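What the coordinates show
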Amino acid sequence: MKTKKFVLAFLIFIGVNAFGQTNSVSGVITDVKPHFGGQYAMNVDKTEVILIVNPKDKTGKTFEINKHYKNLLIESEGKYILNPKYANKSFKVTYKVNGKGWKCIQSLKPYKK
Amino acid sequence: MIKSLLFTTTLIIWTCCATAQTILGIDVSHYQGTINWTQVKGAGYIFAWAKATEGTANVDAQYAANAVNGVNAGVYMGAYHFAHPDVNTTNAGAIAEANHFLSQAQPYIITCELPPVLDLEVSTSLTNAQLTAWVQTWMNTVQTATGIVPILYTSGSIANMMGSSLAAYCKLWIADPDGSPTATPPTLGPWSPNWSFKQYSWTGTVPGISGSGNVDLDSFNGTLAALKSLMGCGTTTVCNYYYTSLPYSTSFENTWITDSCNNGAQRIPDKYWKSSIGGTTPNGNDYWHRVDYTGSDWTLVTNGAYTPVASVGSYSARFHNDPPPAGSTGALDLYVNLSTVGTKQISFDYIHNESSPSPFAFNVLLSTDGGLTFPTTLYTITTASVSAWTTQTFTTNATSATGVLRFITTDKGTQDVGVDNLNIALSTTGMNQFMNDAYKIVVYPNPNNGDFTLKVDGSVKQISADLYNHLGQFILHKEMNTGEDKILINDLSEGIYFLNVLSAGIKLTNQKIVVLGK
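This structure is a prediction, so every number in the text was calculated from the model and none was measured.

1. What to know about the overall build of chain A
Helix and strand content of chain A: one helix and seven strands. The 113 residues of chain A split such that 35% are buried. In chain A, once contacts between residues fewer than 6 apart in sequence are set aside, the share between residues at least 24 apart is 37%. Carbon and sulfur atoms form 56% of the exposed surface of chain A, whose accessible area is close to 7300 Å².

2. Some details on the environment of D451 of chain B
Residues and elements named next belong to chain B. Examined against the element boundaries, D451 turns out to sit in strand β25 (residues 451-455). Judged by relative accessible area, D451 falls into the partly exposed class, the value being 30%. Each C-alpha atom, one on D451 and one on V515, is 8.7 Å from the other, the two residues being 64 residues apart in sequence.

3. Side note on the nonpolar core
Residue and element names in this part refer to chain B. Formed by 77 residues in total, the largest nonpolar core has its most connected members in I26, W37, F47 and L152. Ranked by residues supplied to this core, first place goes to helix α5 (residues 128-146) with six residues. With near-sequence residues (within four places) excluded, I26 lies in contact with W37, V40, Y45, F47, A48, W49, V206, I209, V215, D216, L217 and D218. One finds L246, V336, F362 and F407 within the second-largest nonpolar core, a separate group that totals 31 residues.

4. Looking at the packing of helix α4 (residues 91-105) of chain B against α5 of chain B
Residues and elements named next belong to chain B. It is the contact of α4 with α5, at a shortest axis distance of 8 Å, that shows an interaxial angle of 35°. α4 and α5 meet at a crossing whose hand is right-handed. Facing N91, G93, A94, I95, E97, A98, N99, F101 and L102 of α4, the residues of α5 in contact are A133, W134, T137, W138, T141, V142, A145 and T146. Classifying every residue of the contact of α4 with α5 gives ten nonpolar, six polar and one charged.

5. Some thoughts on α5 of chain B
Residue and element names in this part refer to chain B. Over its 19 residues, α5 extends 27 Å from the first C-alpha to the last, a length consistent with the 27 Å expected when each residue adds 1.5 Å. Among all positions of α5, only L131, T132, W134, V135, Q136, T137, W138, M139, T141, V142 and T146 are buried. Looking at the packing, one finds that the buried side of α5 touches β4 (76-82), α4, β5 (117-119), β6 (151-155) and α7 (164-169). Backbone geometry just downstream of α5 places G147 in the positive-phi region, at approximately 80°.

6. Some details on the confidence of the model for chain A
Averaged over chain A, the pLDDT score is 80; the fraction of residues at 70 or greater is 76%. Segment residues 10-20 of chain A is flagged for pLDDT under 50; beyond a separation of four residues in sequence, or across chains, it makes eight contacts in the model.

7. A few points about helix α3 (residues 63-72) of chain B
Listed in full, the buried residues belonging to α3 of chain B are Y63, N66, A67, V68, G70 and V71 of chain B. Of the residues one or two after α3 of chain B, G74 of chain B is the one with positive phi, at around 90°.

8. Notes on the packing of aromatic side chains
According to the stated counting rule, one finds 24 aromatic pairs over all chains in the structure shown. An angle of 35° between the planes, with centres 5.7 Å apart, marks the rings of F36 of chain A and Y153 of chain B as tilted. Of this pair, F36 of chain A sits in the loop between β1 (22-34) and β2 (40-44) while Y153 of chain B is found in strand β6, placing the two residues in two different chains. For the pair F36 of chain A and Y153 of chain B, a shared accessibility class is recorded, and that class is buried. Between Y69 of chain A and F91 of chain A, the ring centres sit 5.5 Å apart and the planes meet at 90°, which makes this aromatic pair edge-to-face. Of this pair, Y69 of chain A sits in the loop between β3 (47-51) and β4 (73-76) while F91 of chain A sits in strand β6 (residues 90-97), placing them 22 residues apart in sequence. Classification of Y69 of chain A by relative accessible area gives buried; the value is 11%. Of the residues examined, F91 of chain A reaches a relative accessible area of 3% and is grouped as buried. A network of ring pairs unites the aromatic residues F36 and W102 of chain A together with F47, W49, Y153, W173, F197, W202 and F220 of chain B as a single cluster.

Rules of the game
- Residues numbered from 1 in each chain as written.
- Chains lettered and ligands numbered in written order.
- Predicted model: local features only at pLDDT ≥ 70, side-chain atom pairs only at ≥ 80, totals over all residues.
- Heavy atoms only, no water.
- Helix = DSSP H or I, 4+ residues; strand = E, 2+ residues; numbered from the N terminus.
- Buried < 20%, exposed > 50% of the residue type's maximum accessible area, 1.4 Å probe, protein only.
- Contact = heavy atoms within 4.5 Å.
- Areas by Shrake-Rupley, 256 points an atom, 1.4 Å probe, with all protein chains shown as cover.
- Core = buried A, V, L, I, M, F, W, Y, C linked by side-chain atoms within 4.5 Å.
- Axes fitted to C-alpha atoms, helices over the stretch in contact; angles between N-to-C directions.
- Left-handed = near helix turned anticlockwise from the far one by under 90°.
- Nonpolar A, V, L, I, M, F, W, Y, C, P; charged D, E, K, R; others polar.
- Expected span 1.5 Å × (residues − 1).
- pLDDT = per-residue confidence, 0-100.
- Phe/Tyr/Trp six-rings, centres within 6.5 Å; stacked < 30°, edge-to-face > 60°.

Next up, the structure:
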């Protein structure tokens, strides 16, 4: 039994450390601006993170992000801005560095100090 | 009948699918860390771009390693430059960025590898026309230096900003990470409907690159034959030997690359060519050539082989001993035009910090027939253990236009052999001429190949010269109308001769002339 638990814990450890490579940053979202290839960049605690367009959506109007925050950005006058309901609110943003070196947002969660 | 039909059907399907195989590649930078290119190639990725530079100062820390190791693994490699028209907004800025790129990448930009790329991603305040001009200026600068038209990497929205003249000039690598290597990108600007390369993912996972979801994946819009055609494979002639003129010096500051001649095939058995010592000769042609005999090799060293790693600069040429039981041998050849008469003074720095390797040999051989034979040993290092960089010197009076200096070593020890700071100087003074001070008689050069000048002070009248061989046999008589005349000897073999210079029949001097082979 102990061996099984150990193996399971070991596999989880390997999974998280070898393949996860997910980092996080916490703070208020600012400076939303268009990024290369139709993506959007924003700053969280002085770190530029990138919101990736959903590649399955050829309109380029949806982003790869967890369901609760699909409306993180809203369209306004032909471009995307931060949804006012999320302004000045702190988030914990997890991100993963992609092939271009971008810190691509994986998930958002409310963050309380 | 049925068997025949099945066979034919199978053949058709096989032909169909083999032809339709998508050509895949990747693009990388320091973000991907140290890459195992053999594994990348083994996973089916046959081409790759590596980031070389950014702006006017940034150099990708992994570029040189990627450029060398990728090619050595058999991957078609190219270099890209991340443009900053947002910072260096003028055309002069474009030229500065191009020159920065060339300063790092030019040694690796050769035919039958991927063309260089301008990576245009940033937003600028430039107008579309200004941005197009900026890109064109960068590309013109790179093309002028390399002879190769670069490729533009960008997104559909930026491609839309480019002018049609640019689309007619260069090919497009489009960023469209839709996950499909073959689907036509929706936006191609003035290139539409054409695209050459597509970056179809920013989150690929590739064997040989640590981590997951951190590699850009790319595809080529065509067949392998079309890719080779785009890269200019087969358009170059067989690599030529270039003979450097004198004086010549190098401190081996660049890296080895694989010969790209013969449609990318590596020369057999002489696998590697140095394509950038001297920094001038494209397409794998160069003064330097290495020959590996038994698994060991001459290569570039940056650390670990000996201390310090170079006597001059940051690099040296290292013979890395990978010893089979009997020891290993490798040669490093320098093609050099020695035809100018005079003594060639050769020096190089040497290190081999090993007490008693066995067997061990280090010789510098000379070929005067373009490397077909090496009958002459110019220099031998007999002391194996040289623990610090030590300058070695020797001379040759050879006058072959197709000379080859071969630095050849055999070593079974555990420590590498290093060579650096090679210099070949031509001396036409001192022992190469003689002067009779009383009458200001000068013969130069000496030794020579049978073509020398006799000069006598203008105040001396009725000058004549008689030439004798070493047996005292008369060879030639020459009357001189002026104080300076040229004496040509065409039919003499190499040897020692004696020149009597006379004025009104009175001998002024008798001097020894050394004639070397032509």
